[in-house]
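Coordinate analysis (summary)
Here is how the chains run, residue by residue.
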Amino acid sequence: MVALHGRDRRYGREVRRVLVVTLLLNLSVFAAKLVAGILAGSLSVISDAVHSSSDMLNNLVGIFIIRLASSEPDEEHPFGHHKFETVAAFGIAWLLLVTAFQVGLGAAQRLLGHSSGRPEITAFTIAVVTATLIVNVFVWNYERRKARQLNSSFLMADSRHTLSDIYISTSILAGLVLLRFGIVDLDSVLALIVSVIITWSACRIFANTVPVLVDRAPFASDYISEIIRATPGVRSVHDIMSRGVPGKVFLTMHLVVDPRDTSSAHAVTEEVERRLAERIGPCHVTTHIEPEDEASKAAPP
């Protein structure tokens, strides 16, 4: 368990380092868009800058949440605090839904002629939107790559939030170009498509976070049983339960072993834990050793 906690601390440091880098990059994107929007008098770019500020808020909240999620278990949270990260990722999904609604509503209003605001075409505005788009693509790719390396649900959710910025900025850039050629309504159609894509991203985050929050088993019991039964000295195993996410798995089981003395039985359980960690990654295993006659009563017919 100590090794698992040590891994959590290292994990927390790595994720916070990623968030600090993305925070600085998102700050530069926000400032560039805001200045460009004010100088060009473009409400669409200013609105995009305000939306980009939510990325910085996500990063700041993430730094705090990850520090909390990687802290050691205490009396109130004996299994650790890692679900705080999952809750934060769940929150980002709701932010994406709000973003999708705002983008879709604005596009619908323009299509229905209820909004007279149009992006203004200036070379400076186009240059800034293009530059910030490139930065956002880098941030998205960087966060996504680190999320996969560290198996971080928050970084993956935050990278999808950054991806929504890419879609929005691309839509605005396309709108500027289309306006130059006198095509107006297609800009709003693109924005509607963007809102649908953002909604899909939010749904993917929900699909990844909800099972963790409701303690769905991360591995099938048959798979766990196969690993355990292959361990020398194990006679049978039953009542396997698991929860958590890969890298932070908690397992409980009832185990029947060949050795009769406590010391030898303990050596078998140690080997079981080693094999499980080798196959499914770091995990905390709670084992209840049963006599063979009791196990036969508990086993299904």
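Conventions used here
- Residues numbered from 1 in each chain as written.
- Predicted model: local features only at pLDDT ≥ 70, side-chain atom pairs only at ≥ 80, totals over all residues.
- Heavy atoms only, no water.
- 1 Å grid on protein atoms, 1.4 Å probe; cavity = no way out; pocket = protein on both sides within 12 Å on 5 of 7 lines; lining within 4 Å.
- Points joined across faces, edges and corners; volume = space filled by probe spheres on them.
- Helix = DSSP H or I, 4+ residues; strand = E, 2+ residues; numbered from the N terminus.
- Nonpolar A, V, L, I, M, F, W, Y, C, P; charged D, E, K, R; others polar.
- Axes fitted to C-alpha atoms, helices over the stretch in contact; angles between N-to-C directions.
- Parallel < 35°, antiparallel > 145°, perpendicular 65-115°, else oblique.
- Left-handed = near helix turned anticlockwise from the far one by under 90°.
- Contact = heavy atoms within 4.5 Å.
- Buried < 20%, exposed > 50% of the residue type's maximum accessible area, 1.4 Å probe, protein only.
- Arc of directions from axis to C-beta.
- Pairing = 2+ DSSP bridges.
- Right-handed = clockwise from strand over helix to strand, strands pointing away.
- Expected span 1.5 Å × (residues − 1).
- Polar contact = N/O pair within 3.5 Å; in protein donor to acceptor, adjacent residues only side chain to side chain.
- Core = buried A, V, L, I, M, F, W, Y, C linked by side-chain atoms within 4.5 Å.
- Phe/Tyr/Trp six-rings, centres within 6.5 Å; stacked < 30°, edge-to-face > 60°.
- Salt bridge = Lys/Arg side-chain N within 4 Å of Asp/Glu carboxyl O.
- Patch = residues over 30% accessible without salt bridge, like charges linked within 9 Å, V, L, I, M, F, W, Y side chains within 5 Å.
- Areas by Shrake-Rupley, 256 points an atom, 1.4 Å probe, with all protein chains shown as cover.

1. Focus: the layout of surface pockets
In this approach the atoms are scanned with a rolling probe the size of a water molecule, which exposes any empty space left behind. Looking at the second largest pocket, its volume works out to about 490 Å³. Lining the second largest pocket are 25 residues; nearest its centre among them are Asn151, Ser153, Asn208, Val212 and Val245. The set of elements that each furnish at least two residues to the lining of the second largest pocket consists of α3 (83-111), α4 (123-150), α5 (153-180), α6 (185-213) and β1 (234-245). Taken together, the residues of the lining of the second largest pocket break down into 12 nonpolar, eight polar and five charged.

2. Concerning the packing of helix α7 (residues 221-229) against helix α8 (residues 262-280)
Axis separation between α7 and α8 bottoms out at 9 Å; the angle between their running directions is 130°. The angle between α7 and α8 places the two elements in the oblique class. Where α7 crosses over α8, the two elements pack in a sense that is right-handed. Note on element contacts: α8 touches α7 through Val272, Arg275, Leu276, Arg279 and Ile280, opposite Tyr223, Ile224, Ile227 and Ile228. Broken down by class, the residue content of the contact of α7 with α8 amounts to seven nonpolar, no polar and two charged.

3. Overview of α7
Within α7 the residues assigned to the buried category are Ile224, Ser225, Ile227 and Ile228. Projected onto a plane normal to the axis of α7, the buried residues spread over an arc of 160° and lie on a single side. When the buried face of α7 is taken as reference, the exposed residues oriented beyond 90 degrees from it are Asp222 and Glu226.

4. Focus on the pairing of strand β2 (residues 248-257)
Counted residue by residue, β2 has eight buried out of 10 residues, so it is predominantly covered. For β1 and β2, the ladder comprises nine bridges, and the chain directions are antiparallel. Residue Arg243 lies in a different strand from β2, and its bridge partner there is Phe250. Between the end of β1 and the start of β2, which pair antiparallel, lie two residues, with Gly247 showing a positive phi angle near 100°. In the sheet, β2 pairs with strand β3 (residues 283-289) via seven bridges, with the strands oriented parallel. The partner of Phe250 across the bridge, within β3, is His284. Regarding the hand of the β-α-β motif, the stretch spanning β2, α8 and β3 is right-handed.

5. A short note on α4
Here α4 spans 40 Å end to end across 28 residues, near enough to the 40 Å set by a 1.5 Å rise per residue. After α4 finishes, the residue Asn151 shows a positive phi value of roughly 55°.

6. A few points about the side chain of Glu85
Following the sequence through the fold, Glu85 ends up in helix α3. Here the side chain of Glu85 touches Ser153 through a polar contact of 3.2 Å, landing on its backbone nitrogen. Residues contacting Glu85, with those up to four places away along its chain left out, are Tyr11, Ile65, Ile66, Ala69, Ser152, Ser153 and Phe154.

7. Side note on the nonpolar core
Ranked by size, the top nonpolar core spans 29 residues in total, and within it Val15, Leu19, Phe154, Leu155, Ile168, Ile198 and Ile205 carry the most contacts. Elements represented by at least two residues in this core include exactly α1 (2-40), α2 (43-69), α3, α4, α5 and α6. For this core, the element with the most residues is α3, which contributes eight residues. Beyond its immediate chain neighbours, meaning those up to four positions away, Val15 contacts Ile66, Leu150, Ser152 and Leu155.

8. Re the packing of aromatic side chains
Here the structure, examined in full by the defined rule, presents five aromatic pairs. Between Phe90 and Phe206, the aromatic rings sit 5.1 Å apart at their centres with planes inclined by 65°, giving edge-to-face as the arrangement. On the criterion of sequence distance, the pair formed by Phe90 in helix α3 and Phe206 in helix α6 is long-range, its members being 116 residues apart. Judged by its relative accessible area of 24%, Phe90 is partly exposed.

9. Considering the pattern of salt bridges
Scanning all chains against the criterion turns up seven salt bridges. Arg235 is paired through a salt bridge with Asp258; the nearest N and O atoms lie 2.7 Å apart. Within this pair, whereas Arg235 is found in strand β1, its partner Asp258 is found in the loop between β2 and α8, the two being separated by 23 residues in sequence. Ionic pairing is found between Arg274 and Glu271, a salt bridge with its closest N-O pair at 2.8 Å. A residue pair is termed a helical-turn pair when its members lie 3 or 4 positions apart in one helix, as Arg274 and Glu271 do in helix α8 at three residues. Relative accessible area serves as the criterion here: at 41%, Arg274 is assigned to the partly exposed category.

10. A closer look at a nonpolar patch on the surface
The grouping of Leu111, Leu112, Val189, Leu192 and Ile193 at the surface amounts to a nonpolar patch, some 410 Å² of accessible area in total. Examining the composition of the nonpolar patch, we find that three residues originate from one element, α6, more than from any other. Residue placement: Leu111 occurs in helix α3.

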